[in-house]
Amino acid sequence: MINKERFTRMIQPKTIVVFGSRGAGYAIRECQRIGFEGEIWAVHPKRDELDGLKCYRSIAELPGIPDAAYVAVNAEAAIEIVRELDEIGCGGAALYASGFSEVGGDGVERQERLVAAAGDMPIIGPNCYGIINAMDRVALWPDQHGCKPVDKGVAIITQSGNIAINMTMQRRGVPVAYMFTLGNQAAVSIAEVMDAVLEDDRVTAIGLHIEAIKDVNEFDRVARVAHEKKVPIIAMKTGRSSAAAKIAMSHTSSLAGADSLFNALFDRLGIARVNTVNDLLETLKLISILGPLKGNKVASMSCSGGEAGVMADLIEDTNLVFPDLTQEDADRVEETLGDYVSMSNPLDYHTYIWGDEEAKTATFSAMMSGGFDATMLLLDWPNYEGADHTDWDAGKNALINASRATGGKGIVLASMAECMPEHAIEIARDGGIAPMIGLDTCLKALNASYKVGLALERDLPEPLAMSKPISGDVEMLDEWKSKKLLNSYGLQTPESALVSNATEAVAAAEALGFPVVVKAVGSHLAHKTEMGAVKLNMKNGDDVNDAVEAMSDLSDRFLVEKMVPDFIAELIIGVTRDDQFGPTLVIGAGGILVELLKDSATLLLPTSEEKIREAIDGLKTSMLLKGFRGKPEADIDAVVKAVIAVAKFVDDHPDQVEELDVNPLMVCPKGQGAFAADALIRMSSK
């Protein structure tokens, strides 16, 4: 853990020291340009001045102890500077210096020496651009940036300096309060920066661009602090491709790729995930101005039927809805427009009131009185030299008036960035409505805002289980042993008997009642179907005898099991282990459809019945479970019970279970259960 008191001094400094030439000079100029009012000192062993500031020859000559340092020198020199800064009690340092772990080889060892030299002093980087604090007018930054002073706003944390620079240049109305670039995360992680900015009440939301998370459990802890403080988090995680499965034993590994684990983490913590920089910025802007949505009912207004149709199509990919106007709502809007306009949502209000601010205020107020969670006004300004914006500004002003009159959340929405001038963005933001760009991007942002709003109103699951290494040698348990273990935790299994020859198998089948399944048993038989180790629907003794004889070269033990009748669907319940996340649970379409459909949901442990039901309900297969085309409803309660049994088993053996497969889980009609037709576990005996 970092020294939080020193880190706070660093990111909200009263005094700054810079080291280097070009990068250090930029830091001086950018601090001055954004309006830093504290002292800035420069240290250089040869220069007398840097960008108008006197240069001190060494740290020992400084007139005081700096709160923050910007180090833009070579790697070896940076290590010694960091050591001396720690010794004098500097708050912390941002390291533009490169040549550390990012280059591999000797750079890894060099970074270890850097961290040791820093001691108790927090360091951002190395190999990073640094930090900007636009509220306290600080720019520890080696280049130009576009941040403007703000009183409050969003904190953005990224590992990429170039992406950070680009985001500072936005002119779309995002109030950027902090911009952090973390580079190698040698000593200060994303979670630790989040923890620090969460103590600043001026931060309205946090935006993350994540390449990797160093400590998932620490990230989990800090995200819970954000939840307690009602600070929304929006994340863009790169590296969406699925990691290759490490273990070939089960189907679960093919479903639980690295990206699905991050999805599960974000969903668990109420973090909205977006996929592009535009989506990240627009979502942060929307939430910082309007706050998270309380519901999913939205309205759209424009003077174009074509735009109304586009919006109606785009919303299909979200959890939002355009609810129909009630008769009362329709009558109220019609009074302001007349009967030549069709009353609907999305609303095409035509051009009868174009340019009339008073008339538009009346129409927009009538529409926004319908109780929507947000109302959008589609408005694209003309963009050419000398263009007259008067009528468009009237529409924007009317939406501000209507929002104030009704208390509704208003959004003025341009289809393209080129079609919303800077003055409109500033006036809209100051007027309490959100200036949004891109029809699809706005709906994605609203959808993310709705997701965050829901999450902030509910309790989070228990803290994430600590990832523990496997203790002891891992071995594969055969189906018989696996089922016995899971059955003791409440997993239903078909009636069965373990036998060693054909005679015993026939007797067992007659006792169980036909039809039965006959399987060869052995820890080497992970994929029975492909190996010919399973025979289904054996209807008499001769069938059973022949099945055992045919499989006798595979094993000397056989499982005779009663067939599960009249099942509705086959599911898979699986567990796989990740180095960062520990054991993770997968629920999905099972049987032969596992890898074909890849219809699955991933849950991190420990989990809850509520999250399990949400995961099941989110599967495409859930349509079958709920009764598809007149088919009976499945025993979903039994499925939930089966998943809980598997989760409880893993919770009780956190450092033993390497991998687990229940496939298929055969789900019968409501009230008739869900049975594990096959199960395998890889675990250590400890």
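Residues numbered from 1 in each chain as written. Predicted model: local features only at pLDDT ≥ 70, side-chain atom pairs only at ≥ 80, totals over all residues. Heavy atoms only, no water.

1. Some words on the pattern of salt bridges
Close approach of charged atoms allows side chains with opposite charge to pair. Applying the stated criterion across every chain yields a total of 37 salt bridges. Salt-bridge contacts for Glu282 lead to Arg172; the nearest nitrogen and oxygen are separated by 2.8 Å. Residue Glu282 is located in helix H10 (residues 277-290), and its partner Arg172 is located in the loop between helix H5 (161-168) and strand S11 (176-181); the two are separated by 110 residues in the primary sequence. There is no split in this pair, since Glu282 and Arg172 are both buried. Among the charged side chains, a network of salt bridges with common partners joins Lys4, Asp195, Glu199, Glu218 and Arg221. (Salt bridge = Lys/Arg side-chain N within 4 Å of Asp/Glu carboxyl O. Helix = DSSP H or I, 4+ residues; strand = E, 2+ residues; numbered from the N terminus. Buried < 20%, exposed > 50% of the residue type's maximum accessible area, 1.4 Å probe, protein only.)

2. What to know about helix H16 (residues 439-456)
Taking 1.5 Å per residue as the helical rise, H16 with its 18 residues ought to reach 26 Å, and the 26 Å between its terminal C-alpha atoms agrees with that figure. Across the 18 residues that make up H16, a large majority, 14, are buried. (Expected span 1.5 Å × (residues − 1).)

3. Describing the sheet that holds strand S23 (residues 534-538)
The four strands are arranged S21-S24-S22-S23 in an open sheet whose pairing can be described as antiparallel. In the strand order of this sheet, the two ends are held by strand S21 (496-499) and S23, each with one partner. When strand polarity is set aside, the average angle formed by the axes of neighbouring strands in this sheet is 15°. Where strand S22 (residues 516-520) meets strand S24 (residues 558-562), five bridges bridge the pair, whose relative direction is antiparallel. If you follow Ala520 over to S24, its bridge partner there is Phe558. Lying on the sheet, helix H17 (residues 479-487) is in contact with S21, S22 and S24; it crosses S24 at an angle near 50°. (Pairing = 2+ DSSP bridges. Axes fitted to C-alpha atoms, helices over the stretch in contact; angles between N-to-C directions. Contact = heavy atoms within 4.5 Å.)

4. A look at the packing of helix H7 (residues 216-228) against helix H9 (residues 258-269)
One can describe the packing of H7 onto H9 by two numbers: an axis separation of 10 Å at closest approach and a directional angle of 25°. Taken together, the axes of H7 and H9 are roughly parallel relative to one another. For the element pair H7 and H9, the recorded crossing hand is right-handed. On H9, the residues that touch Val216, Phe219, Asp220, Ala223 and Arg224 of H7 are Leu265, Phe266, Arg268 and Leu269. (Parallel < 35°, antiparallel > 145°, perpendicular 65-115°, else oblique. Left-handed = near helix turned anticlockwise from the far one by under 90°.)

5. A word on unusual backbone geometry
That bond from Phe514 to Pro515 is cis: its omega, -5°, falls within 30 degrees of zero. Counting through the fold element by element, Pro515 comes out in the loop between helix H18 (502-512) and S22. At the junction of Leu605 and Pro606, the peptide bond is cis and its omega measures out at 0° in the coordinates. Relative to the elements of secondary structure, Pro606 occurs in the loop between strand S27 (600-604) and helix H22 (609-617). Located in the positive-phi region is Asp51, a residue other than glycine, with phi close to 50°. Backbone geometry places Asn537, a non-glycine residue, at a positive phi of 55°.

6. Describing the environment of Gly673
Along the chain, the position of Gly673 falls in the loop between strand S28 (657-667) and strand S29 (674-676). Along the sequence, Gly673 and Gly574 sit 99 residues apart, while their C-alpha atoms lie 19 Å from each other. Those residues in contact with Gly673 that sit more than four places away from it in its chain are Gln492, Asp635, Ala638, Met666, Val667 and Cys668.

7. Here's the deal with the pairing of strand S13 (residues 233-237)
The buried count for S13 comes to five of five residues, which makes it a mostly enclosed element. Along S13, one buried face is formed by Ile233, Ala235 and Lys237 and the opposite face, lined by Ile234 and Met236, is buried too. At this point the chain moves from strand S12 (residues 203-210), through H7, to the parallel S13, and the crossover so formed is right-handed. Bridge count between S13 and strand S14 (residues 272-274): three bridges; the pairing is parallel. Across the sheet, residue Ala235 finds its bridge partner in S14, namely Arg273. (Right-handed = clockwise from strand over helix to strand, strands pointing away.)

8. Brief notes about the packing of helix H3 (residues 75-88) against helix H4 (residues 106-118)
The interhelical angle for the contact between H3 and H4, taken along N-to-C directions, is 15°, at an axis separation of 7 Å. One element, H3, and the other, H4, form an angle in the roughly parallel class. The crossing of H3 and H4 is left-handed. On H4, the residues touching Ala75, Glu76, Ala78, Ile79, Val82, Arg83 and Asp86 of H3 are Arg110, Arg113, Leu114, Ala117 and Ala118.

9. Some points on the sheet that holds strand S8 (residues 131-133)
Pairing is mixed across the open sheet formed by seven strands, whose spatial order is S9-S8-S11-S10-S12-S13-S14. Here the strands that pair on one side only, and so sit at the sheet edges, are strand S9 (138-140) and S14. On average, each strand axis in the sheet is inclined to that of its neighbour by 15°, with strand direction left out of account. Where strand S10 (residues 153-158) lies against S12, six bridges are found, and the strand directions are parallel. When the sheet's bridge partners are listed, Gly153 is paired in S12 with Val203. Taken strand by strand, helix H6 (residues 190-197) contacts S10, S11, S12 and S13, and its axis lies near 175° from that of S12. Across the sheet, H10 is in contact with S10, S12, S13 and S14; its angle to S12 comes to roughly 165°.

10. Let's talk about the pairing of strand S6 (residues 92-95)
Judged by which residues are buried, S6 turns out to be covered on both faces: Gly92 and Ala94 on one side and Ala93 and Leu95 on the other are all buried. Where strand S5 (residues 68-72) lies against S6, four bridges are found, and the strand directions are parallel. Among the inter-strand pairings, Tyr70 is bridged to a residue of S6, identified as Ala94. Taken together, the two bridges between S6 and strand S7 (residues 123-124) define a ladder with parallel strand orientation. Within the sheet, the bridge partner assigned to Ala94 lies in S7 and is Ile124.

11. Some points on a nonpolar patch on the surface
Nonpolar side chains collect at one region of the surface, where Met623, Leu624 and Phe628 lie side by side and expose about 270 Å² of accessible area between them. As for its position among the elements, Met623 is in helix H23 (residues 622-625). (Patch = residues over 30% accessible without salt bridge, like charges linked within 9 Å, V, L, I, M, F, W, Y side chains within 5 Å. Areas by Shrake-Rupley, 256 points an atom, 1.4 Å probe, with all protein chains shown as cover.)

12. Observations regarding the packing of aromatic side chains
Enumeration over the complete set of coordinates arrives at nine aromatic pairs. With a centroid separation of 5.8 Å and an interplanar angle of 85°, the aromatic rings of Tyr96 and Tyr129 are classed as edge-to-face. Of this pair, Tyr96 sits in the loop between S6 and H4 while Tyr129 sits in the loop between S7 and S8, and the two are 33 residues apart along the sequence. The class of Tyr96 is partly exposed, set by a relative accessible area of 30%. Among the aromatic residues, those joined into a ring-pair cluster are Tyr70, Tyr96, Tyr129 and Trp141. (Phe/Tyr/Trp six-rings, centres within 6.5 Å; stacked < 30°, edge-to-face > 60°.)

13. Quick look at the confidence of the model for the protein
On average, residues of the protein score 92 in pLDDT, and 97% of them are at 70 or above. In this model residues 242-256 is a low-confidence stretch, pLDDT under 50, and it forms 47 contacts with partners more than four residues away in sequence or in other chains. (pLDDT = per-residue confidence, 0-100.)

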